[in-house]
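# A structural walkthrough
Next come the chains, spelled out residue by residue.
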Amino acid sequence: MGEREALRRGEAMDGIEAKGPARAIGRNASNSATACAHANIALIKYWGKADEGLVIPTTSSLSLTLDGLSTQTTVEFLDGDETLAGGDGARADGDEVRADAAGSDGSATKSDATPDTISDTVPDTLTIDGVLQHGTSLARVSRFLDLIRERAGIAAPARVTSRNTVPFGAGLASSASAFAALAAAASRAAGLELSGRELSRLARRGSGSACRSIYGGLVKWNAGHDDATSYAQPVECPMDLAIIVILISAKEKPMSSREAMRLTMRTSPLYPAWVRASADDMTRALAAVAASNLDALGEVVEANALGMHASMMAARPAVIYWLPQTITALSAVRDLRKHGYSAWSTMDAGANVKVLTAAADAEQVASELRDRLPGQTIEIHHTGSGVRVVE
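Just so we're clear, the structure is a prediction, and the values are computed from it rather than from any experiment.

Parameters at a glance
- Residues numbered from 1 in each chain as written.
- Predicted model: local features only at pLDDT ≥ 70, side-chain atom pairs only at ≥ 80, totals over all residues.
- Heavy atoms only, no water.
- Axes fitted to C-alpha atoms, helices over the stretch in contact; angles between N-to-C directions.
- Helix = DSSP H or I, 4+ residues; strand = E, 2+ residues; numbered from the N terminus.
- Parallel < 35°, antiparallel > 145°, perpendicular 65-115°, else oblique.
- Left-handed = near helix turned anticlockwise from the far one by under 90°.
- Contact = heavy atoms within 4.5 Å.
- Nonpolar A, V, L, I, M, F, W, Y, C, P; charged D, E, K, R; others polar.
- Salt bridge = Lys/Arg side-chain N within 4 Å of Asp/Glu carboxyl O.
- Buried < 20%, exposed > 50% of the residue type's maximum accessible area, 1.4 Å probe, protein only.
- Phe/Tyr/Trp six-rings, centres within 6.5 Å; stacked < 30°, edge-to-face > 60°.
- Core = buried A, V, L, I, M, F, W, Y, C linked by side-chain atoms within 4.5 Å.
- Pairing = 2+ DSSP bridges.
- pLDDT = per-residue confidence, 0-100.

## Here we look at the packing of helix α3 (residues 174-189) against helix α4 (residues 196-206)
Contact pair α3 / α4: the axes reach a minimum separation of 9 Å and the direction vectors enclose 125°. With respect to α4, the element α3 is oriented oblique. In the crossing of α3 with α4, the sense of the turn from one axis to the other is right-handed. The segment α3 lies against α4, with Phe 179, Ala 180, Ala 183, Ala 184 and Ser 187 engaging Leu 199, Leu 202, Ala 203 and Gly 206. Residue composition of the contact of α3 with α4, by class: seven nonpolar, two polar and no charged.

## Section: the pattern of salt bridges
The final tally for this structure, using the stated rule, is 16 salt bridges. A salt bridge links Glu 193 to Arg 188, with the shortest nitrogen-to-oxygen separation between them at 3.3 Å. Here Lys 354 makes a salt bridge to Asp 348, at a shortest N to O gap of 3.2 Å. By relative accessible area, which is 16% here, Asp 348 ends up buried. A cluster of three or more residues bridged by salt bridges with shared partners is formed by Glu 52, Arg 258, Glu 259 and Arg 262.

## A word on the packing of aromatic side chains
When we look at a pair of aromatic rings, we describe it by the centre distance and by the angle of the planes. Enumeration according to the criterion identifies three aromatic pairs in this entry. Aromatic side chains Tyr 46 and Trp 221 sit 4.8 Å apart centroid to centroid with 65° between the ring planes, which places their arrangement in the edge-to-face category. Placement of the pair is Tyr 46 in the loop between β1 (32-44) and β2 (49-51) and Trp 221 in strand β8 (residues 218-222), with a sequence separation of 175 residues. The pair Tyr 46 / Trp 221 is uniform in exposure class, with both members buried.

## A short note on the environment of Gln 133
Among the secondary structure elements, Gln 133 is positioned in the loop between β6 (131-132) and α2 (135-152). Judged by relative accessible area, Gln 133 falls into the buried class, the value being 1%.

## Thoughts on the nonpolar core
Core analysis: the biggest nonpolar cluster contains 54 residues, and Trp 47, Val 75, Phe 77, Leu 145, Val 160, Leu 182 and Leu 199 have the highest contact counts within it. Setting aside chain neighbours within four positions, we find Val 160 in contact with Thr 73, Thr 74, Val 75, Thr 125, Leu 126, Thr 127, Val 141, Leu 145 and Leu 182. Of all hydrophobic cores here, the second largest spans 24 residues; its members include Ile 41, Val 235, Met 239 and Ile 243.

## Notes on the sheet that holds strand β13 (residues 377-382)
The strand order across the open sheet formed by four strands is β11-β12-β10-β13, and the pairing between neighbours is antiparallel. Each end of this open sheet is capped by a strand with a single partner; those strands are β11 (344-346) and β13. Taking the axes of each pair of neighbouring strands and ignoring which way they run, one obtains an average angle of 30° across the sheet. The pairing of β11 with strand β12 (residues 353-358) spans three bridges and is classified as antiparallel. Among the inter-strand pairings, Thr 346 is bridged to a residue of β12, identified as Lys 354. The sheet contacts of helix α7 (residues 294-313) involve β10 (241-247), β11 and β12, and relative to β11 the element is tilted by about 30°.

## Overview of the environment of Arg 197
When you line up the elements, Arg 197 lands in helix α4. Arg 197 sits 31 residues away from Ala 228 along the chain, and the two C-alpha atoms are 9.3 Å apart. Dropping the residues within four chain positions of it, Arg 197 is found in contact with Tyr 215 and Tyr 231.

## Re the pairing of β12
Counting buried positions along β12 gives six out of six residues, so the element sits mostly inside the fold. In this sheet, β12 lies alongside β10 in antiparallel orientation, the contact comprising six bridges. Along β12, the bridge assignment pairs Ile 244 with Val 355. If you look at the hairpin formed by β11 and β12, you'll find six residues sitting between the two strands.

## Some details on the confidence of the model for the protein chain
Averaged over every residue, the pLDDT of the protein chain is 85; residues scoring 70 or more account for 79%. In this model residues 81-115 is a low-confidence stretch, pLDDT under 50, and it forms 97 contacts with partners more than four residues away in sequence or in other chains.

Right under this line is the structure:
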């Protein structure tokens, strides 16, 4: 495998984990790093956790990492005597400013009354797109940084700054790029050199889908049964694929993915059937990829997504992210196929529709969709690269 291909898959992060006693970070140490990661769109979906604490999914999933939807994050661990401007710690109990900005499936906030982790006493700060965060957003990032601090044997507050080209909370995998970038930047700033698999496992603890954004291209997340066996890995894909995003709404969705997953698992009579079908869907999808059969891949991808949404709609109360324009977009994709185009829809937790097609056909498919969906924002995204440390 050439260097360029390795970088695309994100394998440049390979290395050896740093070990040692707890330590502070000195002023002259390399204690800052910046990383960039891209969002991914699941083709075979992740929906539901078998283990909430470790973020172990109920099913394996398959995704495509995309260009143009990215997060760039800088993490700096500070000396203990440095002051974080505006830092009021992870225990802020004010309004939840972009409460899920760091990911849709992290752990819950804990009270000031039980300070038993580093972040309970270490005042981190978090700035997202120029806005200083408090409450749940900051708490979740601090909890994630605790994993890295413990692993690196350090005790230092962190200054985290993140900028995004992914609409937050709109079903475009903002949490995937956010936590993949955070995992890479924070681990490097803390002096850890992690392999791709180790980094994938780490990112998973922040947001499940983030484990897939460690790699570029087509990626499989093996569900596994514990922390060591639940990780993502790149999948060889002989096809050049593209995803067209029909941006129906960039607004934050009415229910977070985390809460919708819990409700679906707990109350939907269709959810167990979707889980059983998903294993067969994965087998069919991988066979279609190996055979370079886009239509066979698209058929199972569309069915898997619709099955997931059917299980959500059968929850009690129902979880319905679709808007009227969603139905119109799904119908437009079906109409394209009647006219000979290989175009297949998929949807995550949100109103937006994504269309799987061949990269060579993406411009024509997008043009046809614009004709059928006047006034709708329609963007083409090609295969993106894996996470990389840029500073």
